[in-house]
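# A look at the structure
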Amino acid sequence: MVISFPGWSQGPVDSAKLLRVLTFNIYHGATMNGDFDLEHIAGVIRKADPDLVALQEVDFLTRRARGYDLATELGWRLKMASVFGPAMKYDGGEYGEAILSKYSFVTTRNVSLPFTGDREPRTAVEAVTVLPSGDTIAFIGTHLDHTGDDSDRILQARMINEVFGSNRYPSILAGDMNAVPGCVPIGILEEHWAAAYDRDAPAPTFPSGKPVKKIDYVMFRPEERWRVISSEVIQDSVASDHCAYLVVLELILPGSKQ
């Protein structure tokens, strides 16, 4: 489903400042067929032709992922730069988030997010890159807690705002937030980040076989520096239990939003 935002995309579009942003929870490289088919996952990403990708549930040298560094492997298949941000040790390796990019990285950092008790640790990985237009931006990928109550997601959303809410560069936040529009964690994020979805009818992203709820997001700040051109939920019931979510953004000059 492709959704356009005519209210946000009026006026001429500068193709040199367009960004295709994808977020995709890849289910640690497994597929819904029960096999391990990285080329199928890469194919979904390749067809979307993104400039930047936030990947969640990414394994690094684990036994279940057959010893692959998934971020590097997918980057190689797609001819994109990659960076992995570990959240925790797991199954002989590590587990966390990754970013893929058509452009090289100026800096990267991995920020551990708060969690409580024996819940899974979470992280946010950031890459600063320079676009072909010469503009510098920051891109952050994350995956919030998946358990039944919002307590850890609230802590994690607040930490994301605290750490990345004052970035010096225009910024994009993308990932699996495990939270539906209108809930407390999303409300906290949207205090600092504008989000690219139709608030009247949010397109669902999970589960991939028959999506019924939106939990995958692309957000951006400051709002006046970005214009949403379109968004698309990419439904592939084999590649992962999540749909990939693609948003096309335009980086604009301050004060020029239509």
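First, a word on what this report is: a plain description of the structure on this page.

Procedures and definitions
Residues numbered from 1 in each chain as written. Predicted model: local features only at pLDDT ≥ 70, side-chain atom pairs only at ≥ 80, totals over all residues. Heavy atoms only, no water. Helix = DSSP H or I, 4+ residues; strand = E, 2+ residues; numbered from the N terminus. Expected span 1.5 Å × (residues − 1). Buried < 20%, exposed > 50% of the residue type's maximum accessible area, 1.4 Å probe, protein only. Contact = heavy atoms within 4.5 Å. Phe/Tyr/Trp six-rings, centres within 6.5 Å; stacked < 30°, edge-to-face > 60°. Lys NZ or Arg CZ within 6 Å of the ring centre and 35° of its normal. Axes fitted to C-alpha atoms, helices over the stretch in contact; angles between N-to-C directions. Parallel < 35°, antiparallel > 145°, perpendicular 65-115°, else oblique. Left-handed = near helix turned anticlockwise from the far one by under 90°. Nonpolar A, V, L, I, M, F, W, Y, C, P; charged D, E, K, R; others polar. Salt bridge = Lys/Arg side-chain N within 4 Å of Asp/Glu carboxyl O. Core = buried A, V, L, I, M, F, W, Y, C linked by side-chain atoms within 4.5 Å. Disulfide = S-S within 2.5 Å.

### Quick word on helix 3 (residues 151-164)
Look at helix 3: 20 Å from first C-alpha to last across 14 residues, which is about the 20 Å you get at 1.5 Å a residue. Buried within helix 3 are the following residues: Asp152, Arg153, Ile154, Gln156, Ala157, Ile160, Asn161 and Phe164. Looking at the buried positions of helix 3, the neighbouring elements they touch are strand 6 (105-113), strand 7 (122-130), strand 8 (136-143), strand 9 (171-176), helix 4 (184-189) and strand 11 (216-221).

### Considering the packing of aromatic side chains
Both the distance between ring centres and the angle between the ring planes are used here to describe each pair of aromatic rings. Overall, the coordinates contain four aromatic pairs when judged by the stated rule. Above the plane of the ring of tyrosine 217 lies lysine 214, whose end atom (NZ or CZ) is 4.7 Å from the centre. The aromatic ring of tyrosine 245 is capped on one face by lysine 214, whose charged end is 3.9 Å from the ring centroid.

### Description of the packing of helix 1 (residues 38-48) against helix 2 (residues 70-78)
Two numbers describe how helix 1 lies on helix 2: the axes approach to 10 Å, and their chain directions differ by 60 degrees. The angle between helix 1 and helix 2 falls in the class oblique. For helix 1 against helix 2, the interelement crossing comes out right-handed. For the pair formed by helix 1 and helix 2, the contact residues are Leu38, Glu39, Ile41, Ala42, Ile45 and Arg46 on the first element and Leu70, Glu73, Leu74, Arg77 and Leu78 on the second. Residues of the contact of helix 1 with helix 2, tallied by class, amount to seven nonpolar, no polar and four charged.

### A few points about the pattern of salt bridges
In this structure the tally under the stated criterion is 18 salt bridges. Here arginine 63 and aspartate 91 are joined by a salt bridge, their closest N and O atoms 3.1 Å apart. Pair noted here: arginine 63 is in the loop between strand 3 (52-60) and helix 2 and aspartate 91 is in the loop between strand 4 (81-90) and strand 5 (93-101), with a separation of 28 residues, a long-range link. Residue aspartate 91 is classed as partly exposed on the basis of its relative accessible area, which comes to 24%. For glutamate 120, the salt bridge goes to arginine 122, with nearest N and O atoms at 3.3 Å.

### Observations concerning the environment of glycine 92
Mapped onto the elements, glycine 92 comes out in the loop between strand 4 and strand 5. On the basis of relative accessible area, glycine 92 is assigned to the exposed category, the value being 60%. The spacing of glycine 92 and arginine 153 is 61 residues in sequence and 27 Å in space, taken between C-alpha atoms. Discounting chain neighbours no more than four positions away, the residues touching glycine 92 are Leu61 and Arg63.

### What to know about the nonpolar core
Formed by 48 residues in total, the largest nonpolar core has its most connected members in Leu19, Ile172, Ile186, Leu189 and Leu249. Among the nonpolar cores identified, the runner-up in size contains 26 residues, and Phe36, Val53, Ala98 and Leu100 belong to it.

### What about the state of the cysteines?
Counted under the stated rule, the structure contains zero disulfides. Sulfur of cysteine 183: no disulfide; nearest cysteine sulfur belongs to cysteine 243 and is 19 Å away. A relative accessible area of 17% means that cysteine 183 is categorised as buried. Judged by its relative accessible area of 1%, cysteine 243 is buried.

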